[in-house]
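Residue-level structure breakdown
Spelled out from the first residue to the last, the chains are:
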Amino acid sequence: MLGVTPGTMTNKDYRWRLTGGKNVNYPDRVRGRCNIYPLAEVERLAAAKAAAESEPPVPDIPDGFVDREGACRIFGVTARQWGHWITDGRVTCGVTVFSRRGGRASIYPIEALKKLREDLYARDKLYNYARGNFHVPAGWGRRLETCQMLGIERATWEGWKAEGALPAGERFDGGPVLYRTEDVKRMLQNKGLLAPPRPDPNATGVYRVPLWTPVGNSDAGEAIIDAESLPLLDGAVLAWASARGRSESKAVYLYRPESPAGTALRRLVMVLEDATQQAGHVNRDPLDCRRENLFARTIKEKTRGTCKMKARKGQPCTSRFKGVFFESWTKKWRANIEVDGRRHSLGRYGDEMAAAQAYDEAARRFFGQYAWLNFPDGVDAWLEEEGFTRSAGAGGAGAGGGAGARTAA
């Protein structure tokens with residue numbers, strides 16, 4: 001009859017609270033009690049309530065005052081943060097009044113709020129609480145703003161931070177770490193979004209792009225791309241990094257606001273959408289992302305093309321060459337190759353390089369163009385690059401003599 005819930009009807013602060021009731025037993029039940037009210041009193045209260053609601057509403061907030069929502073809009077904070085300010089004693093100008101509906105509410109004089117805003121925000125400090133978080137002055141940015149400038153997400157941010165690829169931030173007054181905007185822009189101008197690609201002086205239609213690299217490191221190189229791939233760089237940052245900040249399998253990754261997790265540039269150049277397909281480099285240079293230098297391969301084919309491991313189970317490998325290890329009980333170099341989970345023995349050799357050549361021949365036969373070779377350009381080219389001579393003594397862990405000799409056990 002009153003159009004309210006039982007709880008509202010008996011609320012002591014509600015204007016239309018119903019009185020005059022009494023508690024009696026249910027007439028048709030053995031056990032149980034209930035409240036009953038005079039029907040005439042209910043009808044009178046319902047009529048008064050209907051008449052009051054039909055009248056023009058009386059404003060609860062007088063001129064020059066605002067309620068809590070209005071105060072939050074003035075300061076740009078949430079209602080929860082406003083409550084924290086009241087608890088901390090920062091806001092003391094509130095006045096409690098009774099609303100038209102019979103409840104209580106706090107209102108605040110606008111002039112007092114303006115003065116409080118000037119006191120809170122006019123101080124020359126890096127940190128003032130606003131908008132539910134710390135207020136940051138011009139020329140500085142929080143981690144969120146800096147990530148947006150770089151076009152990366154938080155996981156990538158943490159990886160770059162661990163590698164030292166981010167400018168140093170500053171922390172004041174117990175607030176969050178802030179980063180100077182000029183420092184970020186300066187780095188982006190040298191390496192990153194604002195650094196323009198430059199034509200390669202040695203090749204036509206080829207461009208070199210500065211990469212985002214760790215602070216103080218200028219030797220990471222430049223990405224090499226075709227002129228047709230330049231549109232991919234619009235609004236993006238190229239970085240010498242890895243997926244989500246992992247240290248293994250580093251490559252040239254492209255970051256932009258719509259893909260802050262980063263995407264390998266070689267996959268974008270080849271337009272690889274199938275997750276089972278991997279992109280490889282013909283010349284094994286991960287910085288060279290020209291289309292002619294890229295090829296598609298499966299994950300198994302990629303595994304076949306991995307380089308020699310430097311350590312196994314925490315112990316350094318006995319040989320520098322892939323597929324070769326030193327057998328201590330025979331004092332020989334042994335060559336093996338694994339194909340589809342099955343290991344094939346290629347024999348024992350008295351020379352380490354001879355065993356490495358045996359592996360290369362087997363790798364060409366089983367894996368073809370996807371094989372990782374110990375001597376991709378031949379033994380002579382490798383010897384010249386490493387500074388060895390063919391007259392070096394045989395049988396050591398180094399280059400042994402007689403590279404072509406193969407003494408199989």
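Summarised in this report is the structure supplied together with it. (Residues numbered from 1 in each chain as written. Predicted model: local features only at pLDDT ≥ 70, side-chain atom pairs only at ≥ 80, totals over all residues. Heavy atoms only, no water.)

Points about the pairing of strand β14 (residues 251-256)
Most of β14 is tucked away, with six of its six residues classed as buried. As defined by bridge partners, strand β13 (residues 237-241) adjoins β14 across five bridges and the pair is classed as antiparallel. From the neighbouring strand, A241 faces β14, where its bridge partner is A251. Here β14 runs beside strand β15 (residues 259-264); their pairing, made up of three bridges, is antiparallel. Counterpart to L254 in the pairing with β15 is T263. Where β14 folds back on β15, the antiparallel hairpin that results is connected by two residues. (Buried < 20%, exposed > 50% of the residue type's maximum accessible area, 1.4 Å probe, protein only. Helix = DSSP H or I, 4+ residues; strand = E, 2+ residues; numbered from the N terminus. Pairing = 2+ DSSP bridges.)

Quick look at the packing of helix α6 (residues 143-150) against helix α7 (residues 154-162)
It is at 10 Å that the axes of α6 and α7 come closest, and there the two elements cross at 90 degrees. As the angle between them shows, α6 and α7 are arranged roughly perpendicular. In this structure, α6 contributes R143, T146, C147 and L150 to the contact, and α7 contributes R154, W157, E158 and W160. Its residues assigned to classes, the contact of α6 with α7 comprises four nonpolar, one polar and three charged. (Axes fitted to C-alpha atoms, helices over the stretch in contact; angles between N-to-C directions. Parallel < 35°, antiparallel > 145°, perpendicular 65-115°, else oblique. Contact = heavy atoms within 4.5 Å. Nonpolar A, V, L, I, M, F, W, Y, C, P; charged D, E, K, R; others polar.)

Quick word on the environment of V379
Following the sequence through the fold, V379 ends up in helix α12 (residues 379-386). In this structure V379 comes out as buried when scored by relative accessible area, which is 12%. Note: C-alpha distance between V379 and M353 (26 residues apart in sequence) is 8.5 Å.

What about unusual backbone geometry?
For residues other than glycine, phi is negative in most cases, and the peptide bonds are mostly trans. At V271, a position not held by glycine, the phi torsion is positive, near 55 degrees. Among the structural elements, V271 can be located in the loop between α9 (265-270) and β16 (277-281). Despite not being glycine, K331 has its phi angle at roughly 60 degrees, a positive value. Position of K331 among the secondary structure elements: in the loop between β20 (324-327) and β21 (332-339).

Concerning the pattern of salt bridges
Counted according to the given criterion, the structure contains 10 salt bridges. The partner of D200 in a salt bridge is R208, with the nearest N and O atoms 3.0 Å apart. For D200, a relative accessible area of 10% corresponds to the buried category. Since its relative accessible area comes to 23%, R208 is described here as partly exposed. Here D288 makes a salt bridge to R290, at a shortest N to O gap of 2.7 Å. A single burial state applies to D288 and to R290, both of which are buried. (Salt bridge = Lys/Arg side-chain N within 4 Å of Asp/Glu carboxyl O.)

Comments concerning the sheet that holds strand β4 (residues 95-98)
Strand order in the open sheet formed by three strands is β3-β5-β4, with antiparallel pairing between adjacent strands. Looking along the sheet, the strands with just one partner apiece sit at the ends: β3 (65-66) and β4.

Re the nonpolar core
Looking at soluble globular proteins, one finds that nonpolar side chains tend to be buried together. Counting residues in hydrophobic clusters, the biggest one holds 23 residues, and the most contacted among them are F321, I337, M353, A363, F367 and F375. Those elements giving two or more residues to this core turn out to be β21, β22 (342-349), α11 (352-367) and α12. By residue number, the principal contributor to this core is α11, which donates nine residues. (Core = buried A, V, L, I, M, F, W, Y, C linked by side-chain atoms within 4.5 Å.)

Some words on the sheet that holds β22
Here we have three strands laid out as an open sheet, ordered β20-β21-β22, and antiparallel in their pairing. Two strands bound the open sheet, and with one partner strand each, they are β20 and β22. Taken over all neighbouring pairs, the strand axes of this sheet differ in orientation by 30 degrees on average, direction set aside.

Describing the environment of Y37
Looking at the element boundaries, Y37 is found in the loop between β2 (33-36) and α2 (39-54). Residue class for Y37 comes out partly exposed when judged on its relative accessible area of 28%. Separated by 14 residues in the primary sequence, Y37 and N23 have C-alpha atoms spaced 9.1 Å apart.

Quick look at a negative patch on the surface
A cluster of acidic residues, D377, E384, E385 and E386, forms a negative patch on the protein surface. Positionally, E385 belongs in helix α12. (Patch = residues over 30% accessible without salt bridge, like charges linked within 9 Å, V, L, I, M, F, W, Y side chains within 5 Å. Areas by Shrake-Rupley, 256 points an atom, 1.4 Å probe, with all protein chains shown as cover. Lys, Arg positive; Asp, Glu negative; His and termini not counted. Charge placed at Lys NZ, Arg CZ, Asp CG, Glu CD.)

Considering the packing of helix α3 (residues 68-75) against helix α4 (residues 79-87)
It is at 10 Å that the axes of α3 and α4 come closest, and there the two elements cross at 95 degrees. Between α3 and α4, the angle is such that the two are roughly perpendicular. Between α3 and α4, the contacting residues are R68, A71, C72 and F75 on the first element and A79, W82 and W85 on the second. Among the residues making up the contact of α3 with α4, the classes are represented as six nonpolar, no polar and one charged.

Remarks on the packing of aromatic side chains
Within the structure shown, the criterion is met by seven aromatic pairs. For the pair W82 and Y108, a centre-to-centre distance of 5.3 Å together with 85 degrees between the ring planes defines the contact as edge-to-face. Taken as a pair, W82 in helix α4 and Y108 in strand β5 (residues 104-109) lie far apart in primary sequence, 26 residues in all. Ring pairing ties together the aromatic residues W82, W85 and Y108, which thus form one cluster. (Phe/Tyr/Trp six-rings, centres within 6.5 Å; stacked < 30°, edge-to-face > 60°.)

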